[in-house]
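This is what each chain is made of:
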Amino acid sequence: MTALTGAAYWLPLICAAVIGFAVAMYIVLDGFDLGLGILFPFFAREIDRDQMMNSVAPFWDGNETWLILGGTGLFVTFPRAYAVVMPALYVPLITMLLALVFRGVAFEFRWVAKPHHRKWDIAFSAGSIVAALCQGFMLGGLLGGTRVEQGRFAGGAFDWLTPFTLLCGMGLVVGYALLGATWLVMKTTGSLERRARRSARVLLVGMLGFIVLVSVWTPLEFAPIAARWFTWPNILYLSPVPLATAIFAVACWRGLLRARFMFSPFYSAVALFIIAYIGLVISTMPYLVPPALTVWDAAAAPSSQRFVLIGIAILMPFILGYTVFVYHHFRGKVRADEGYH
Amino acid sequence: MNAVLLARLQFAFTISVHIIFPAFTIGLSAFIATLLILWQRTGRDHFHRLARFWTQIFAVSFAMGVVSGIPMSYEFGSNWSRFSAVAGNVIGPMVGYEVLTAFFLEATFLGVLLFGWKRTPPRLQAAAAVLIAGGTALSAFWILSANSWMQTPAGYVMRDGIAYPVDWLAIVFNPSFPYRLAHMLTAAYLTTSLVVLAVGARYLLVGAFKEEARTMMRMGVGMLAVLGPVQLLLGDQHGLNTLAHQPAKIAAMEAHWRNTGPMDLVLFALPDEHARVNRAELAIPRLGSLILTHDWNGRVPALEDFAPNAQPRVTVVFFAFRVMVGIGLFLIALGLAGALLWWRGRLFTSQWYLRSAGWAWPLGFIAILAGWLTTENGRQPYVIYGILRTQDATSPIAATAVAASLAAFVLVYGVVFSIGIYYIRKMIRRGPQGAAVAGTPAAVEVAYRPLASARESARESRGEPPVI
């Protein structure tokens, strides 16, 4: 690593930060609309489901685009990692993509199909649950390590499947459901909002449980992660991570208890996700594909990375700008008369 | 079947289903933007009703385009990881620019366009439609640049079997790109124009939505009459470009086996790949040479001039090309006939024309698929022409895994997209709803089309579908 200087050292790090940002945006933004699908079975009334769909209808397309940016971003800036990760996570990846097909078309088909929309309610809900599970499996599979020989994936189709990945899958389902429930607290009114508050409290406890489980499990199973967190002075520098988790968990809980707090539950839940995500990054950096490929091993040619980074530097402010514009344009509680078509 | 063939089938299947929707939405977004601008300018409400009507169809088509497109961006890695490793430095940034410049723009403003009828001022709505139309065209720009680079690579060096970019301008504007972009964008606009024309014709045949139907027919015929001949010229230029850079593809397109003299134009034949001759051939002597070299005596490289392992298979390329050209010529005739009838004042009453136009709606899609089959099969046996063979580009994945995922894609796409197309049909049957001005939709509908809506409500009360 010491041989790398200048652009060869910094470009891959900057690219990794950009992709990390895209993935974080995806997890938060698509997280809450996947969460609504996960919550669907618990909100059976048609009028509630209509409101739930309407609360994300203007945003879901843009939210999902961050997934495309994450995928292509990895292809663009780290082709060697992309060429290893996609075959390694083939089964959960393809399953997730197919689940997203069902969930995505349900947004449009549901309104056209009315009054025969029940099958699209099921497609939306099942698609969301399966997609969230698979994303958790992929996260767990990646953390669990990938067999790489001569730059190619050398494992089997089900290497990713371990008790740990199952834990990650369930954890992500509960986490997304929490994001979805707190989103409803912010965007809806009346009995739907009250019920969302109640569900969110249960889900918050569940998500904290999963955070604790993963935090205990990873250092026990993966020695490098234990070394990263529990050696002096790292343990001191990294202590804000669990501390911030506790603070935002309390803020979320307090917000859920009082009806006048509409925003704090959602933003606290988002903060919890971001902190958990930062924790995972701390555990694995500088590996993109532990334990085989670091960001430097997997990097694209510097001129390719530079070409894309220039585009990102120019275009990302616009993208963020009009994303904020759209969220602002459709701000506030969803009105009951605001139909889709 | 081996993993390479299965991976090819999977890509061909997923991208063929996918391309139908972007090809439609590229044109449709431009159409909606035009309608909204016309509405702003003239204040005539039927433009607004049409815009709302097509926006609903756009929403369903766009959603299907998005969900069928996401797997594509992952398939490069899951099934074609060697391709990704070899070409990632070059292809990757172009796909990345597509996401950054186009996808976010389209997806974000789609929310404004779709959801904003109550919250958004008309001017902003028209702006959103224009941005989406621009986004779809930008998306075509980048993905066609990437595809063209795979056909005619430029601006790179190979080191240790990996392509490294040298000159980004040369990469993006590689030799076949301008032709392919112009040809495909025109194809997309033609395809949508044909659908719009067909829907207009079908409404007129049953006497429904007359004002909207006439506008759709006028716009559709106008586009066909202008863009049809333009497409012929663009296609000719594209062919000459292919002759310069991929002569083996031209030889396969024309089933031109032996280079013994000036090339005939084969109108029809049954190419025999084994004996390397054409059976049941119907050909016009020397016309092939005239078209491709603009000289009666011009010589065109034949398949025998290429090494056996550098030739594409002939049958698919040959027939797909003929389907595309045949449909193209038919569309030009349809456009010109429509223009003639329009001039004579009989466009909206000529039954044979309304009927032919009404049935012609799928032809643009078929021509686009046929064109892509021609160019992609004509590139074989390479995935990146001259650099990487298709058989060397796949992932280290078991054939069973690829077969299983292929089966899953066929099943899921078959179900989801047939239902989607059924719903689009349903929306077209229902027709434009009159909620453009204040008041309940029903009241507006009656005010605008007393007879049609009365007939429809009578039909609905009997539980029958409208006859469109």
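Keep in mind that what you see is a predicted model, and the values were worked out from it rather than measured. (Residues numbered from 1 in each chain as written. Chains lettered and ligands numbered in written order. Predicted model: local features only at pLDDT ≥ 70, side-chain atom pairs only at ≥ 80, totals over all residues.)

So, on to the overall build of chain B. When you go through chain B residue by residue, the secondary structure sums to 15 helices and six strands. What you see for chain B is a C-alpha radius of gyration of 24 Å, in line with the 23 Å of a compact globule of 468 residues. Dimensions of chain B, computed from the C-alpha atoms along their principal axes, are close to 70 × 45 × 40 Å. At a minimum sequence separation of 6, the contacts of chain B that also span at least 24 residues come to 74%. (Helix = DSSP H or I, 4+ residues; strand = E, 2+ residues; numbered from the N terminus. Rg over C-alpha atoms; globule rule 2.2 N^0.38 Å. Contact = placed C-beta atoms within 7 Å.)

With that settled, consider the overall build of chain A. On a plain count of helices and strands, chain A comes out with 14 helices and four strands. On C-alpha atoms alone, chain A measures out to a radius of gyration of 20 Å, which is about the 20 Å that the 2.2 N^0.38 rule sets for 341 residues. Each of the three principal axes of chain A carries a C-alpha extent, and together these read 65 × 40 × 40 Å. Buried residues in chain A amount to 54% of all 341 residues. (Buried ≥ 20, exposed ≤ 12 C-beta atoms within 10 Å, placed from the backbone.)

What follows is about the nonpolar core. Within the largest apolar cluster, 270 residues are counted, with the highest numbers of intra-cluster contacts made by Ala81(A), Leu178(A), Val289(A), Ile32(B), Leu197(B) and Leu224(B). Inspection of this core shows a minimum of three residues originating in each of domain 1 (1-174 + 398-436) and domain 2 (179-395) of chain B. Beyond its immediate chain neighbours, meaning those up to four positions away, Val289(A) contacts Ala81(A), Val84(A), Val85(A), Thr146(A), Val148(A) and Ala298(A). (Core = buried A, V, L, I, M, F, W, Y, C linked by C-beta atoms within 7 Å. Domains from an automatic or database assignment.)

An ideal rise of 1.5 Å per residue puts 24 Å on 17 residues; helix H12 (residues 363-379) of chain B measures up with 24 Å between its terminal C-alpha atoms. Among the 17 residues in H12(B), 14 count as buried, and that is most of the element. (Expected span 1.5 Å × (residues − 1).)

Residues and elements named next belong to chain B. Each assigned domain of chain B is listed here: domain 1 (1-174 + 398-436) and domain 2 (179-395). For domain 1 versus domain 2, the distance between C-alpha centres works out to 22 Å. Contacts between the two partners involve 40 residues from domain 1, matched on the other side by 39 residues from domain 2. When residues of the side of domain 1 that touches domain 2 are traced back to their parent elements, those giving at least two are helix H1 (3-42), helix H2 (45-78), helix H3 (81-115) and helix H4 (122-151). Of all the elements, H1 adds the most residues to the side of domain 1 that touches domain 2, at 14 residues.

Right, let's talk about the pairing of strand E1 (residues 156-159) of chain B for a bit. Bridging between E1(B) and strand E2 (residues 162-165) of chain B involves four bridges; their strand directions are antiparallel. Within the sheet, the bridge partner assigned to Tyr156(B) lies in E2(B) and is Pro165(B). (Pairing = 2+ DSSP bridges.)

The accessible area lost on association of the parts is a frequent measure of interface size. Contacts between chain B and chain A engage 54 residues on the former and 57 residues on the latter. Contributions of two or more residues to the side of chain B that touches chain A are made by H2, H3, E2 and helix H13 (399-430) of chain B. For the side of chain B that touches chain A, the element with the highest residue contribution is H3(B), accounting for 21 residues. For the side of chain B that touches chain A, the residue count by class is 35 nonpolar, 16 polar and three charged. (Nonpolar A, V, L, I, M, F, W, Y, C, P; charged D, E, K, R; others polar.)

How two helices pack is summed up by the angle between their axes together with the distance between the axes. Contact pair helix H14 (residues 302-329) of chain A / H3(B): the axes reach a minimum separation of 10 Å and the direction vectors enclose 10°. Classed by the angle they form, the pair H14(A) and H3(B) counts as roughly parallel. Facing Ser304(A), Phe307(A), Val308(A), Gly311(A), Ile312(A), Leu315(A), Ile319(A), Tyr322(A), Thr323(A), Val326(A) and His329(A) of H14(A), the residues of H3(B) in contact are Asn89(B), Gly92(B), Pro93(B), Gly96(B), Tyr97(B), Leu100(B), Thr101(B), Phe104(B), Thr108(B), Gly111(B) and Val112(B). When grouped by side-chain class, the residues that make up the contact of H14(A) with H3(B) number 12 nonpolar, 10 polar and no charged. (Axes fitted to C-alpha atoms, helices over the stretch in contact; angles between N-to-C directions. Parallel < 35°, antiparallel > 145°, perpendicular 65-115°, else oblique.)

A few words now on the packing of H1(B) against H13(B). All names here are of chain B. The contact between H1 and H13 brings their axes to 9 Å, and the two run at 20°. By the angle between their directions, the pair H1 and H13 is classed as roughly parallel. With respect to the hand of their crossing, H1 and H13 are arranged in left-handed fashion. In this structure, H1 contributes Ala-3, Leu-6, Ala-7, Leu-9, Gln-10, Phe-13, Thr-14 and Val-17 to the contact, and H13 contributes Ala-399, Val-402, Ala-403, Ser-405, Leu-406, Phe-409, Val-410, Tyr-413 and Phe-417. Here the contact of H1 with H13 is built from residues that sort into 14 nonpolar, three polar and no charged. (Left-handed = near helix turned anticlockwise from the far one by under 90°.)

Right, let's talk about the environment of Thr242(B) for a bit. Residues and elements named next belong to chain B. Looking at where Thr-242 falls in the secondary structure, it is placed in helix H7 (residues 210-245). Residues Thr-242 and Pro-308 lie 66 residues apart in sequence; the distance between their C-alpha atoms is 20 Å. Aside from chain neighbours lying at most four places away, what touches Thr-242 is Lys-249 and Ile-250.

Okay, the environment of Met262(A) next. Residues and elements named next belong to chain A. Mapping Met-262 onto the fold places it in the loop between helix H11 (240-257) and helix H12 (264-284). Residue classification places Met-262 among the partly exposed positions, given that 18 C-beta atoms sit within 10 Å. Considering only alpha carbons, one finds Met-262 and Phe-124, 138 residues apart in sequence, at a separation of 26 Å. Filtering out sequence-adjacent residues up to four positions away, Met-262 remains in contact with Val-185 and Met-186.

Moving on: unusual backbone geometry. When glycine is set aside, most residues are seen to have a negative phi, and most peptide bonds are trans. Of note, the amide linkage connecting Met285(A) to Pro286(A) takes the cis form, showing an omega dihedral of 0°. Examined against the element boundaries, Pro286(A) turns out to sit in the loop between H12 and strand E3 (287-289). For the bond from Gln380(B) to Pro381(B), the omega torsion is 5°, close enough to zero to count as cis. Considering the arrangement of structural elements, one finds Pro381(B) in the loop between H12 and strand E5 (382-384). The phi dihedral of Phe209(B) falls on the positive side, at around 45°, and the residue is not glycine.

Should the pLDDT be low somewhere, the predicted coordinates at that spot are not to be read in detail. Residues and elements named next belong to chain B. Chain-level pLDDT for chain B is 85 on average; 92% of the residues reach the 70-or-more range. Within chain B, the lowest mean pLDDT, 35, falls on helix H14 (residues 441-448), and the highest, 94, falls on helix H6 (residues 177-205). Every residue in residues 435-468 is under pLDDT 50, and counting partners more than four places away or in other chains gives 32 contacts. Interface confidence for the predicted complex, expressed as ipTM, amounts to 0.82; the pTM equals 0.85. (pLDDT = per-residue confidence, 0-100.)

When you line up the elements, Gln433(B) lands in the loop between H13 and H14. Gln433(B) sits 380 residues away from Phe53(B) along the chain, and the two C-alpha atoms are 6.9 Å apart.

Across chain A, the average pLDDT comes to 86, with 97% of residues at or above 70. Mean pLDDT across the elements of chain A ranges from a minimum in strand E2 (residues 152-153) of chain A, with 78, to a maximum in helix H7 (residues 163-187) of chain A, with 93.

For H14(A), which comprises 28 residues, the first-to-last C-alpha distance of 39 Å matches the rise-based estimate of 40 Å (1.5 Å per residue) to within 8%. Largest kink in H14(A): about 40°, centred on Leu315(A), with the proline Pro317(A) one to four residues after it. For H14(A), the full list of buried residues reads Ser304(A), Gln305(A), Phe307(A), Val308(A), Ile312(A), Ile319(A), Thr323(A) and Val326(A). Residues of H14(A) that are buried make contact with helix H1 (6-39) and helix H3 (60-77) of chain A together with H3, E2 and helix H5 (168-172) of chain B. (Bend = angle between axes of the 7 residues up to and from the residue.)

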